[in-house]
Amino acid sequence: MLVMIGVPALAGGAAAAQPTEQLTPVIGNPIASPEPVLASNGRRELAYELQLINRSNSTVTVHKLEALAGGKVVQRLAGRALEAQMQPYGAVDHSVKLAPGQGAYVLMDVSLARKAKVPGTLTHRIAVTMKPKQAAVATSYELAPTKVTKREAIVIAPPLRGPGWVVGNGCCSEFTAHRGTVLPVNGAAHVAERFAIDFVQIDPMGRLFEGPLDQLSSYPYFGDEILSATAGKVVGVVDDIPETPAGALPPAITAEKAGGNHVVVAIGHGRYAFYAHMQPGSVRVKVGQKVKVGQTLGLLGNSGNSDAPHLHFHIMDSPHPLLANGLPYRFSNFTVEGTLADLAKLQAGAAAKVDPRGRGARHDELPLNNQVIAFP
């Protein structure tokens, strides 16, 4: 008796269309589904990450990576632009080369016009070369189909008051200390800080600090009140970690203490707000307490994995600051004062150079990396 396998029968006797089978050296998958957010550039940003793994025994060089929606290219990374967004696991430097068995991640940012339709799915097309070459192996093909979450990013109130707040390590297109942090936590890759912001403040003279770099008192905003950006219920509090001296990161710190003194607030619909690096003994709320918008949670400090006073803020899908997926959010009201032109000189003590382009009031938008903004 002859048994046919691999060709399922369809109504009407037609055979099912089969995809073309080909061997592909690099496989890929998204770490999390992207969720659109309206940013202060007037565009909707889809920030997400792709993991790539070289499954061949050749060294692979990735030459091009494209995101497609409905067959149309909506983002293209190649050459130096691709290298700037790609980092192999276990490597310090960026690279588009993958050794046999090596993995990497690539930061993606599909930027859409404000009124453009958000695609339900993104696919990706990769182009590679192999050394040594291998016969019968595809070097240009599609991979990593990715669903797009359609829900709107939450609108929240400002967590701080006043002018001159710099959006440090912010979203969306640059490889910053937040966007580039893909952490292996509890056996899986997590990007809790995808939309995180490190808020530092420049004074009217454009200075970040006045006095010795290593003295916390040199930073005028040290001790500012941190305000609850939402209503909700406190589900996490740490308040006993000493301040880190300014000027350098601590030599070693556990994952549990990385956020220093902090507060986590459950805000509903699977979202949690995280406020980190507060002064020890300054937290004014307790676990289980309900909080209101604008309520003081604590004072801005420099505890945990921090080298200068700042508020680290992000929204996540878990009450655990690192075991989470970072979610987008929008501030209800702020004013863009410009964009910082030279962060390194500011951190060294020079007055800030602020590019005035893009100034103006913003509502229900996410401020972008290195923008200087004023909260009411």
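Residues numbered from 1 in each chain as written. Predicted model: local features only at pLDDT ≥ 70, side-chain atom pairs only at ≥ 80, totals over all residues. Heavy atoms only, no water.

Among the secondary structure elements, Asp198 is positioned in strand 15 (residues 197-201). Linking Asp198 and Gln134, residues 64 residues apart in sequence, is a C-alpha distance of 46 Å. Beyond its immediate sequence surroundings of up to four residues, Asp198 is in contact with Val166, Val167, Gly168, Asn169, His178, His310, Leu311 and His312. Within the local environment of Asp198, its side chain forms a polar contact with the side chain of His310, the two groups lying 3.3 Å apart. (Helix = DSSP H or I, 4+ residues; strand = E, 2+ residues; numbered from the N terminus. Contact = heavy atoms within 4.5 Å. Polar contact = N/O pair within 3.5 Å; in protein donor to acceptor, adjacent residues only side chain to side chain.)

Attention shifts here to unusual backbone geometry. Following Lys131, the chain continues to Pro132 via a peptide bond in cis, the omega torsion being 0°. By the secondary structure assignment, Pro132 is in the loop between strand 9 (121-131) and strand 10 (140-147). Between Cys171 and Cys172 the backbone carries a cis peptide bond, its omega angle lying at 15°. In this fold, Cys172 is placed in the loop between strand 12 (162-168) and strand 13 (183-185). Even without glycine at this site, Asn169 takes up a positive phi of about 55°. Notably, Asp364 is not glycine yet its phi reads approximately 55°, a positive angle. Along the chain, Asp364 turns up in the loop between strand 27 (360-362) and strand 28 (371-375). Under the relative-accessibility criterion, Asp364 is labelled partly exposed at 32%. (Buried < 20%, exposed > 50% of the residue type's maximum accessible area, 1.4 Å probe, protein only.)

As enumerated under the stated definition, the model contains one disulfide in all. The disulfide that involves Cys171 links it to Cys172, with 2.1 Å between the sulfurs. Residues Cys171 and Cys172 share a disulfide whose torsion about the S-S bond is about 100°; that sign makes it right-handed. Using a relative accessible area of 2% as the deciding quantity, one classes Cys171 as buried. (Disulfide = S-S within 2.5 Å.)

Turning our attention to the pattern of salt bridges. Taken as a whole and assessed by the stated rule, the structure comprises 16 salt bridges. Measuring nitrogen to oxygen at the nearest pair gives 3.7 Å for the salt bridge that ties Arg76 to Glu66. In this pair, Arg76 is assigned in strand 5 (residues 72-78) and Glu66 in strand 4 (residues 59-69), connecting sequence segments 10 residues apart. You can call Arg76 exposed: its relative accessible area is 52%. By relative accessible area, Glu66 is classed as buried at 5%. Residues Glu365 and Arg362 are paired through a salt bridge, measuring 3.6 Å at the closest nitrogen-oxygen approach. Pair check on accessibility: Glu365 and Arg362 agree, each one buried. Here the salt bridges do not stand alone but share partners, grouping Glu35, Arg151 and Arg271 into one network. (Salt bridge = Lys/Arg side-chain N within 4 Å of Asp/Glu carboxyl O.)

With that settled, consider the nonpolar core. Phe199, Tyr275, Phe313, Tyr329 and Phe331 are the most contacted members of the largest nonpolar core, which totals 54 residues. Filtering out sequence-adjacent residues up to four positions away, Phe199 remains in contact with Pro159, Leu160, Trp165, Val166, Val167, His310, Leu311, Phe331, Ile373 and Phe375. Core analysis: the next-biggest nonpolar cluster, separate from the first, contains 31 residues, Tyr48, Leu50, Val62 and Val106 among them. (Core = buried A, V, L, I, M, F, W, Y, C linked by side-chain atoms within 4.5 Å.)

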